[in-house]
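# What the coordinates show
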Amino acid sequence: MTPAQERKIRQTGCDVRFDNLTRQLYATDASIYQIEPSGVAFPKDAQQASAIIRAAADAGVSVTPRGAGTSLVGNAIGEGLIVEFSRYNRQITDLDIEKRSARVGAGVVLDQLNDFLKPHGFCFGPDVATSSRATLGGMIANNSSGARCPVYGTTADHVLSLQTVMADGRIEKIGPVHESLATERARIENLVRARSAEMAERWPPGLIKRWPGYGIERFLRAPNDLTNIFAGSEGTLAAIFSAELKILPLPSEKGLGLIFFPSVDEAMQATVQLLDLKPAAIEHIDRPLLDQTKGQLHFRAARDLLELDTQPCESILIVEFYDDVAEQLSILQSRRIGLRTKTLTEPAQMNLVWSVRKSGLSLLTGCIGAAKIDHGTAWAGGQLLWSRRQRTFARPAGARSTQRNRSKKVSASRRSNLRAGASI
Ligand SMILES: Cc1cc2nc3c(=O)[nH]c(=O)nc-3n(C[C@H](O)[C@H](O)[C@H](O)COP(=O)(O)OP(=O)(O)OC[C@H]3O[C@@H](n4cnc5c(N)ncnc54)[C@H](O)[C@@H]3O)c2cc1C
């Protein structure tokens, strides 16, 4: 970034950093990629977010909105200005039990929202495994979902309206009752309608988790509602400053069936046999993750409960039920699937089991080794073979190893999320 560009951005009055330490801290996310940004901004309100994004656009600097940076595909990093929404925008307001809604700042963390809602008997449906860090802004932009996707769908299904900052700094309210962005809405509708036959052919009905990407098939069903396009847009269309979300009653009861298997293959086959029981979730944990818990005091109680040392296994399915729990658990046991089964209904015990699954990130990235294996990515002979996004990479001669996850990161030049001056 040139001194003139830097000056323009500083003049907004927003908390913005250009020092080396901050740029290094924001050069990585949970993916294998590493891109050093030119600076990082921390807006405190929608006006500051608007001013900083407008200034970046005027200065020709690209913008990447960011929440907690737990994304796996490098979409929370970029070479221009990172606009970080998780430091200041953590307010939960406008709880309306009758309407079943609440408003959150983009930086509200999912666990924070659920802790707030629990005493009222409510929760937010989609449950990413990174709930202790993931922000609602990041969840909307990624259209995140979790283990209970069959019950709750994805985050897009739970957004009532959004307050967004466009690439030119306009602050807009988006949602079915808002008339904003009429020109853009008409353009999108024309584009989407022209492709509707192709979409129907390629995306069969009933596909609950098409994740992420612009929700053009959702938009087709509800053309007035631009939130469907913004959810899943990975920060490429606008920055989300706050959101009005649907909230749901907590389930009245819960139960877990644990099935232990001698191989991952058998566990995968068994999931098909379990679907008729209508579980709220079926999650899988395999031995590499279980092995990482060995000798760790924090996981001793969970290992004892799962009897991992006395009755080892290769793989476990966690099957959760919300309705007719006792009956469903007894049917599950009677099917005699796998090596053995165990059923749990005590909240403390169920939480112990989920804590192993939820610690997946820190357990796996804590593995000592030359490279981190990431979703859909394989290294062979020091070359990146394939990545989920099929980007073009050259492995840099001096790929650095970060202290944080002891993994080799590759730097890559990539598109900016919010292109300066871009609009939908
Ligand atoms: C171990 C592990 C498990 C995971 N499990 C799941 C899972 O179960 N389900 C799932 O869906 N994902 C999962 N993820 C991926 C990731 O954690 C989620 O998608 C999460 O919701 C991202 O939230 P974040 O705040 O970290 O977003 P970030 O990573 O910071 O950003 C995500 C995207 O959103 C954009 N963005 C962020 N904030 C804003 C904003 N305010 N306005 C506009 N755009 C914004 C960014 O530019 C980026 O494109 C997992 C990741 C890890 C490492």
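Residues numbered from 1 in each chain as written. Predicted model: local features only at pLDDT ≥ 70, side-chain atom pairs only at ≥ 80, totals over all residues.

### Focus on the overall build of the protein
Helix and strand content of the protein: 16 helices and 17 strands. Taken across its 424 residues, the protein has 40% of its residues classed as buried. Taking the contacts inside the protein whose residues are at least 6 apart along the sequence as the reference set, 69% of them involve residues at least 24 apart. (Helix = DSSP H or I, 4+ residues; strand = E, 2+ residues; numbered from the N terminus. Buried ≥ 20, exposed ≤ 12 C-beta atoms within 10 Å, placed from the backbone. Contact = placed C-beta atoms within 7 Å.)

### Let's talk about the site of the ligand
As a matter of local geometry, the ligand sits amid 35 residues, with G67, G137, G138, A141 and G235 nearest to it. Those elements that provide at least two residues to the shell around the ligand are β3 (63–66), α5 (136–142), β10 (238–246) and α16 (360–365). The greatest single-element share of the shell around the ligand, amounting to five residues, is contributed by α5. When the residues that make up the shell around the ligand are grouped by side-chain class, the tally is 15 nonpolar, 17 polar and three charged. Each of domain 1 (3–87 + 378–415) and domain 2 (92–249) contributes no fewer than three residues to the shell around the ligand. (Near = placed C-beta within 6 Å. Nonpolar A, V, L, I, M, F, W, Y, C, P; charged D, E, K, R; others polar. Domains from an automatic or database assignment.)

### Side note on helix α4 (residues 110–117)
Of all the positions in α4, only L110, L113 and L117 are classed as buried. Here the buried residues of α4 occupy an arc of 65 degrees about the axis, which is enough to place them on one side. If you follow the buried residues of α4, they end up packed against β5 (92–96), β6 (101–105), β7 (122–123) and α5. (Arc of directions from axis to C-beta.)

### Examining the sheet that holds β5
Sheets are built from strands that pair by backbone hydrogen bonding, the pairs being arranged parallel or antiparallel. Across the sheet, which stays open at both edges, the five strands sit in the order β5-β6-β10-β8-β9 with antiparallel pairing between neighbours. In this open sheet, the two edge strands, each paired with only one partner strand, are β5 and β9 (171–174). Averaged over all pairs of adjacent strands, the angle between strand axes in this sheet comes to 15 degrees, irrespective of strand direction. As defined by bridge partners, β6 adjoins β10 across five bridges and the pair is classed as antiparallel. When the bridges of β10 are listed, G105 appears paired with S242. Sitting on the sheet, helix α3 (residues 46–58) touches β8 (159–166), β9 and β10, and the angle it makes with β8 is about 45 degrees. (Pairing = 2+ DSSP bridges. Axes fitted to C-alpha atoms, helices over the stretch in contact; angles between N-to-C directions.)

### Quick look at the confidence of the model for the protein
For the protein, the mean per-residue pLDDT works out to 85, and 84% of the residues sit at or above 70. When the criterion is pLDDT under 50, residues 374–416 qualifies, and its contacts beyond four places in sequence or with other chains add up to 72 contacts. Confidence over residues 419–424 falls short of pLDDT 50; this stretch has 19 contacts with residues more than four positions distant or in other chains. (pLDDT = per-residue confidence, 0-100.)

### Here's the deal with the sheet that holds strand β2 (residues 39–42)
Ordered by their spatial adjacency, four strands build an open sheet running β1-β2-β4-β3, and the pairing between neighbours is mixed. The sheet is open, and its two edges are formed by β1 (15–17) and β3, each paired on a single side. Going across the sheet, the axis of each strand differs from the next one's by a mean of 20 degrees, ignoring polarity. Against the sheet, α3 touches β1, β2, β3 and β4 (81–84), its axis set at about 170 degrees to β4.

### Looking at unusual backbone geometry
Of note, L181 is a non-glycine position whose phi angle comes to about 55 degrees, a positive value. With respect to the secondary-structure elements, L181 resides in the loop between β9 and α7 (182–194). Residue L181 is classed as buried on the basis of its C-beta count, with 22 C-beta atoms lying within 10 Å. With a phi close to 50 degrees, R336 is a non-glycine residue in the positive phi region. Note that R336 resides in the loop between α14 (325–334) and β15 (340–344). With 9 C-beta atoms packed within 10 Å, R336 lands in the exposed category.

### Side note on the nonpolar core
By size, the foremost hydrophobic cluster in this structure holds 63 residues, and its most contacted members are I52, I53, A56, V83, L136, F230 and I240. When residues of this core are assigned to domains, at least three fall in each of domain 1 (3–87 + 378–415) and domain 2 (92–249). When residues no more than four places from it in sequence are discounted, the contact partners of I52 are I9, T12, C14, V16, A41, P43 and V83. Of all hydrophobic cores here, the second largest spans 27 residues; its members include I259, A267, F299 and A302. (Core = buried A, V, L, I, M, F, W, Y, C linked by C-beta atoms within 7 Å.)

### A closer look at the pairing of β3
Going residue by residue along β3, you find V63 and P65 tucked away on one face and T64 and R66 tucked away on the opposite face as well. When β3 meets β4, the two strands line up parallel, connected through four bridges. Paired with V63 across the strands is L81, a residue of β4.

### Side note on the environment of L339
Looking at the secondary structure, you find L339 in the loop between α14 and β15. L339 sits in the partly exposed class, given 15 other C-beta atoms within 10 Å. On a C-alpha basis, the gap between L339 and P312 in space is 9.9 Å, while along the polypeptide they are 27 residues apart.

### Comments concerning the environment of G146
Tracing the backbone shows G146 in the loop between α5 and α6 (149–152). The exposure class assigned to G146 is buried, which follows from the 21 C-beta atoms found within 10 Å. Along the chain, G146 and K209 lie 63 residues apart, while their C-alpha atoms are 9.7 Å from each other. Excluding anything up to four places from it in sequence, G146 contacts P126, D127, V128 and A129.

### So, the environment of R335
Counting through the fold element by element, R335 comes out in the loop between α14 and β15. Overall, R335 belongs to the partly exposed group, with 14 C-beta atoms counted inside 10 Å. For the pair formed by R335 and L274, sequence separation is 61 residues and the distance between their alpha carbons is 9.5 Å.

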